[in-house]
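# Close look at the chain arrangement
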Amino acid sequence: MDFAFGPEDERFRAEARDWLAEHFIGPFAALKQEPGGHPGEARGDMTARRAWERELGTGGWIGLGWDRTDGAYGNRAATLTQQVVWAEEYAHAGAPGRLGHIGENLLAPTLLAHGDSAQRARFLPPIARAEELWCQGYSEPDAGSDLAGLRTRAVRDPGEGTYRITGQKIWTSLAHEADWCFVLARTEEGSQRHHGLSFLLVPMDQPGRIEVRPIRQLTGTAEFNEVFFDGAVARAEHLVGGAGHGWRVAMSLLAVERGVSTLVQQIGFAQELSRVVRLALETGAAEEPVLRDRLVRQWAELKAMRWNALRTLGAAQKPNPNPNPNPNPNPNPARDPALHLASNDALDPASRRGAAHDLPPRGADPQAPGPRDQGAPSVAKLLWGGWHQRLGELAVQVRGAAAALGPARWTAGRPYELDAFQRLFLFSRADTIYGGSDEIQRTIIAERVLHLPKESRR
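What counts and how
- Residues numbered from 1 in each chain as written.
- Predicted model: local features only at pLDDT ≥ 70, side-chain atom pairs only at ≥ 80, totals over all residues.
- Heavy atoms only, no water.
- Helix = DSSP H or I, 4+ residues; strand = E, 2+ residues; numbered from the N terminus.
- Contact = heavy atoms within 4.5 Å.
- Areas by Shrake-Rupley, 256 points an atom, 1.4 Å probe, with all protein chains shown as cover.
- Core = buried A, V, L, I, M, F, W, Y, C linked by side-chain atoms within 4.5 Å.
- Buried < 20%, exposed > 50% of the residue type's maximum accessible area, 1.4 Å probe, protein only.
- Phe/Tyr/Trp six-rings, centres within 6.5 Å; stacked < 30°, edge-to-face > 60°.
- Lys NZ or Arg CZ within 6 Å of the ring centre and 35° of its normal.
- Expected span 1.5 Å × (residues − 1).
- Patch = residues over 30% accessible without salt bridge, like charges linked within 9 Å, V, L, I, M, F, W, Y side chains within 5 Å.
- Salt bridge = Lys/Arg side-chain N within 4 Å of Asp/Glu carboxyl O.
- Pairing = 2+ DSSP bridges.
- pLDDT = per-residue confidence, 0-100.
- Axes fitted to C-alpha atoms, helices over the stretch in contact; angles between N-to-C directions.
- Parallel < 35°, antiparallel > 145°, perpendicular 65-115°, else oblique.
- Left-handed = near helix turned anticlockwise from the far one by under 90°.
- Nonpolar A, V, L, I, M, F, W, Y, C, P; charged D, E, K, R; others polar.

## A look at the overall build of the chain
- A count of helices and strands for the chain gives 12 helices and 8 strands.
- In the chain, of all internal contacts separated by at least 6 residues, the share reaching a separation of at least 24 is 75%.
- Just so you have it, the chain exposes about 21,100 Å², and 53% of that area is on carbon and sulfur atoms.

## Section: the nonpolar core
- In this structure, Trp 134, Tyr 138, Phe 182, Phe 199 and Leu 201 are the most contacted members of the largest nonpolar core, which totals 34 residues.
- Going through the elements one at a time, α4 (101–114), α5 (117–128), β4 (180–186), β5 (197–203) and α6 (246–257) are the ones with two or more residues in this core.
- If one sorts the elements of this core by residue count, α4 sits on top with 6 residues.
- With 21 residues, the next largest nonpolar core counts Phe 269, Val 277, Trp 299 and Met 305 among its residues.

## Thoughts on the packing of aromatic side chains
- Inspection of every chain in the model, using the stated rule, returns 17 aromatic pairs.
- Aromatic side chains Trp 134 and Trp 180 sit 5.6 Å apart centroid to centroid with 25° between the ring planes, which places their arrangement in the stacked category. Taken together, the positions of Trp 134 in strand β1 (residues 134–137) and Trp 180 in strand β4 put the pair 46 residues apart, joining distant regions of the chain. For the pair Trp 134 and Trp 180, a shared accessibility class is recorded, and that class is buried.
- Centroid distance Trp 171 to Phe 224: 6.1 Å. Interplanar angle 90°. Geometry classified as edge-to-face. Placement of the pair is Trp 171 in the loop between β3 (162–169) and β4 and Phe 224 in the loop between β6 (210–214) and β7 (225–235), with a sequence separation of 53 residues.
- Put simply, the rings of Phe 12, Trp 19, Phe 24, Phe 28, Trp 52, Trp 61, Trp 86 and Tyr 90 pair up and form one aromatic cluster.
- The ring of Trp 61 carries Arg 76 above its face, with NZ or CZ at 3.7 Å from the centroid.

## So, the environment of Leu 302
- By secondary structure assignment, the location of Leu 302 is in helix α8 (residues 289–313).
- When the C-alpha positions of Leu 302 and Trp 384 are compared, they lie 8.3 Å apart, and in sequence the two are 82 residues distant.
- Not counting chain neighbours up to four residues away, the residues in contact with Leu 302 comprise Gln 266, Phe 269, Ala 270, Leu 273 and Trp 387.

## Observations regarding helix α2 (residues 46–59)
- The terminal C-alpha atoms of α2, which comprises 14 residues, lie 20 Å apart, in line with the 20 Å expected from a rise of 1.5 Å per residue.
- Buried residues in α2 make contact with α1 (7–23), α3 (80–92) and α5.
- Of the residues one or two after α2, Gly 60 is the one with positive phi, at around 85°.

## A look at a nonpolar patch on the surface
- Taken together, the side chains of Val 449, Leu 450 and Leu 452 present a nonpolar region at the surface, about 250 Å² in accessible area.
- Relative to the elements of secondary structure, Leu 452 occurs in the segment after α12 (438–449).

## Digging into the pattern of salt bridges
- All told, the structure shown has 19 salt bridges when counted by the stated rule.
- Its salt-bridge partner being Asp 179, residue Arg 50 comes within 2.9 Å of it at the nearest N-O pair. One end of the pair, Arg 50, is in helix α2; the other, Asp 179, is in the loop between β3 and β4, with 129 residues separating them in the sequence.
- Here the salt bridges do not stand alone but share partners, grouping Glu 10, Arg 13, Arg 17, Glu 88, Glu 89 and Arg 306 into one network.

## Digging into the pairing of β4
- With 7 of 7 residues buried, β4 lies mostly within the body of the structure.
- Burial of the side chains of β4 extends over both faces: Trp 180, Phe 182, Leu 184 and Arg 186 are buried on one face and Cys 181, Val 183 and Ala 185 on the other.
- Here 4 bridges tie β1 to β4, and the two strands are oriented parallel to one another. Across the sheet, the residue bridging to Gln 136 is Phe 182, located in β4.

## A few points about the confidence of the model for the chain
- Here the chain averages 78 in pLDDT, while 80% of its residues score no lower than 70.
- In the predicted structure, residues 315–371 sits below a pLDDT of 50 and forms 112 contacts with residues beyond four places in sequence or in another chain.

## A closer look at the packing of helix α10 (residues 376–399) against helix α11 (residues 420–427)
- Contact geometry for α10 and α11: axes closest at 8 Å, N-to-C directions at 140°. With respect to their mutual orientation, α10 and α11 come out oblique. In the packing of α10 onto α11, the handedness of the crossing is left-handed. Facing α10, whose interface residues are His 388, Leu 391, Gly 392, Glu 393, Ala 395, Val 396 and Arg 399, α11 presents Phe 421, Gln 422, Leu 424 and Phe 425.
- Class assignment for the residues of the contact of α10 with α11 results in 6 nonpolar, 3 polar and 2 charged.

## Let's talk about the environment of Ile 127
- Positionally, Ile 127 belongs in helix α5.
- On the basis of relative accessibility, which here comes to 4%, the residue Ile 127 falls in the buried class.
- In this structure, Ile 127 is in contact with Ile 62, Trp 66, Gly 103, Glu 104, Leu 107, Glu 132 and Trp 134, ignoring residues within four places of it in sequence.

## As for the packing of α1 against α3
- It is at 9 Å that the axes of α1 and α3 come closest, and there the two elements cross at 30°. One way to sum up the angle between α1 and α3 is to call them roughly parallel. Both α1 and α3 take part in a crossing whose hand is right-handed. Mapping the contact onto sequence places Glu 8, Asp 9, Phe 12, Arg 13, Ala 16, Arg 17, Trp 19 and Leu 20 in α1 and Thr 81, Gln 82, Val 85, Trp 86, Glu 88, Glu 89 and Tyr 90 in α3.
- Taken together, the residues of the contact of α1 with α3 break down into 7 nonpolar, 2 polar and 6 charged.

## Concerning the pairing of β5
- By the criterion of burial, β5 is predominantly enclosed, with 6 of the 7 residues buried.
- Relative to β5, β4 is paired through 7 bridges, and the arrangement is antiparallel. For Leu 184, the partnering residue across the bridge sits in β5 and is Phe 199.
- Examined bridge by bridge, β5 and strand β8 (residues 239–240) share 2 bridges and lie antiparallel to one another. If you follow Phe 199 over to β8, its bridge partner there is Val 240.

Next up, the structure:
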């Protein structure tokens, strides 16, 4: 199995790099990404960020790799390898976190798998053009990681043929900016747990029926929100997967959230780690043996996470146990400063970009579920959540006492300023909670993979 970048991938890389160099300039350059953020974080000019999304859509960079069996809803065809190439170049350019992530990477694959032709035709082109942004209506105050306990209800109006939704969702990223929300709600009276749920597409512009309340966080920003539905309307034709089958659709979406997105996410993680390592080398903190060991361990764990993601995503068949014939484990160490801490070998700055052993098999199906391991998404979530949290701790440890000081003098107009590493530390405290807490992920692995006795939920 070939895990290397091929000539077509390198041509794709050159095209992506040239396009970013030509378009990520002017007013967009002010949106340059810093560590410690989140795609939906309420930093930066939101008008400019939406304009950047539309620029990506016009350039054809949204919807890469979407299944084109029933139509070309996205702007380009791209192999999984080329999607990795694009994500790498996007991260290297410092382009901002994607406001359209939820629609493009979560909802779109779900509609391609479970939606009907009319739903795909209606919703996928506006996502690809960045004309409509989405948020995810899953968690509730009493049903966070235990999603099956949700109580939001959707009642079918036999006269109008619509659903009326009543309830509350919480920790809803981008709800303050979103045009639409996909909502998991209970549509069968008397149903319990994962039975009787449905997956509905709901327009957010419903004054008096939908209220969004931002949740202020430790970072001073408020990308998460509470969302209250008071008779909000969803059309019957916007029910995905059929009435009562919402759990199946929702779990399919979560597999995408904790699968394909994880691989792209790790590219940003690598850049954050590189910044921390550079700071440690510049300040001399890396000379301290215990801290040096933690930095090297962080680098090694990131490599292990990447391999785990590729194992999950790469192919339906088992990957080659020795896919890398190149004895050099990193053909481009100059872009990976952590390697300075792991090896004393001479570094070659001219080495070709991209580690061949880090790539998915060429031609792999982007929609393929990978190994039939029910615990794979939960393992991935456990790995990256804890890793990113430890990176935040390392970031402030490397800075030492200076980490307690803000980047600017306090003023009444700007009373709460944080630098990038402080934001990384504070935001990453949530990584082991959102998207399914660590406790829930371990329960899933115990019950569904190890077949241990089920936990009592009384």
